[in-house]
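Per-entry structural report
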Amino acid sequence: MTLVNISICKWYNNAASPVLFFIDDFANVWVDTNGNGIVDLEEDWGYWKNHKNSSFRFLNEVVLNDFPNIKTTFFTPVGARVGMIENPQVKTVSKMINCDEETKAFFKSINDKENFEIAYHGTTHGKVGKTSSDFKQEWKLFKSIDEAVDTINKGKEIYKTVFGYYPKGGKYCGYEANEFSDESIARTDFLWWCRYYNRGLLNDKNHYIYSDDFNTVTSFDIKVFGKNEVIDIPSTVNGGLLTGIFNPNKKTLKGIAKIILKNYLLKKKLNEIEFLLKNNLVISIQEHISPARDDGRRQLPNIFDDKESLKFIFNYLKDKNVWYCTGTEVAEYYILRNNIKFIGINDNGFAIEYIGKRNLEKMIISIKIDRNNIMIIEPNSEIVFGDNGVFNIHVQDGLYKFVENSL
Ligand SMILES: [Zn+2]
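So, here is what we can say about the structure in this document. All figures in this text were calculated on a predicted structure; none of them were measured in a lab.

Reading the values: rules and limits
- Residues numbered from 1 in each chain as written.
- Predicted model: local features only at pLDDT ≥ 70, side-chain atom pairs only at ≥ 80, totals over all residues.
- Helix = DSSP H or I, 4+ residues; strand = E, 2+ residues; numbered from the N terminus.
- Buried ≥ 20, exposed ≤ 12 C-beta atoms within 10 Å, placed from the backbone.
- Contact = placed C-beta atoms within 7 Å.
- Arc of directions from axis to C-beta.

What you tend to see is this: most non-glycine residues have negative phi, and most peptide bonds are trans. The omega torsion across L300 and P301 is -10°, close enough to zero to call that bond cis. Locating P301 in the fold gives a position in the loop between β14 (283-288) and α11 (307-317). With a phi close to 55°, N280 is a non-glycine residue in the positive phi region. For N280, the position within the fold is in the loop between α10 (262-278) and β14. N280 sits in the partly exposed class, given 16 other C-beta atoms within 10 Å. The backbone of N373 sits at a positive phi, close to 55°, despite the residue not being glycine. You can see N373 is positioned in the loop between β18 (364-369) and β19 (374-377). In this structure N373 comes out as exposed when scored by C-beta crowding, with 10 C-beta atoms within 10 Å.

Within the secondary structure, K140 is located in helix α3 (residues 138-141). Residues in contact with K140, not counting those within four places in the same chain, are E176 and N178.

On to α11, then. Buried within α11 are the following residues: S309, L310, I313 and L317. An end-on view of α11 places all buried positions within 95° of arc, on one side of the element. Contact partners of the buried residues in α11: β2 (17-24), α1 (55-63), α8 (243-246), α10, β14 and β15 (322-324).

In C-alpha cells, the structure reads:
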C-alpha cells in the first residue's frame, strides 16, 4: 500500500504556462528604406549587428531591458533572403549568415547566450513576383519531397558552419506549406517546428494558412506531427496585441473612444492571455525584428511599432506563474513529460525511467508530491528541496529517496 501520490507537472516548475518570445526574419539583411546609404534605426534585420541604431541593439536596450527573464527565439533565413518584389525602388543588402567571419561570430554569439536561441527559417524565404501578393513562400515552391529535403539539408549545412551543430527547430516562411512540407521537416530530423499562425487562424480565419483545428484549447497547445513526432509549437499571441490601444488615431471618433476606454480595452485584450494561463496553454508572443521592406510597406507586427505593447505584456506576466523558455526547452520538456515511467513508488522513494527515443539536453522534470516536509535525495546524492510539493528533479538511473525536511 502506498500513501504517496506523485504527478508530473504539465510545465516546468508547475508553471501555468510557458512563455516564448518568437522573432521572425532575423537575417543578414539591410533595407535602405530612405536611400541615404546609412543604416538608420528600423532598417536592418540583423545585418548591422550590435552597432548603434541596429535592430538587435534596439531589442536589447528598449524592449528587453527591464525583462532579463524573457527568453527569445529568433527565426533566421540562413541564405541570402529575397526581398518582396521583382524590381524594388529601395536598395537592399542581403547575404548569407556565413558570408564572413565577423558575421558568423555575431550570429553565433547570440545563439550561445542562455536567453537566446536561433532557429531555422529557410534559405531564401521564397521567390519574389511582380507585386508583394505574387510572393511565393519557400515551402510552397517545392514540387517534391526530395526537392524540399535537399534544400533543407543545404540550409542545415549553412546553419552548422555558423553554430557548430544542426538547427533543432524552425518555422515555415509565412506559415505557408504544401503537401510535401510536414514530411520534409520530419525527414530532416527537426525536434520542433512552428507550422501555423494559430492566433491569426482564429481571429481572421485565414484558411490559406492550412490547418483544421479551430478549437481554442487544442489549437493553442503543443501537438506532434510526422512519424518521428516532431513537436509543433503553436503561435498564440500577436506582439502587437495592445498597439492599437497605445497608438490611437486622435483625429477619429474611434481613436478618441480608445483613449477614453483605454483601461477597459487593455483588460479586454489581455483576456486572450488570461485564457491561455487559465487553460495551461502555450503563450508564444510573435514579432518581426524590423518593419523595413523593399515594396514601401511596413512589415507587421514588428518590435518597433509594438514596443509599448510588448513591455505591457511582459510587465503583466511578471507576477504570473509562468516559465520563460526557448522553443527547444519547451519541446524537450514536452517529450520528457510524455516519456517518464515511475517504478516502485513507496513511502521511502521511487525510481524513474526515460522511455523516449530522442536524446535530450536538459533532463529535468517537475513533479508534484502530496507530502509535506520532505526533501528528495537524487541517485547521485544531490538534495532537491520542494516548493509547495513541487520538485524539479534530474532524470537518472537509481533510487530517489524521500527524507524528512528538518530545516
Ligand atoms: Zn519570415
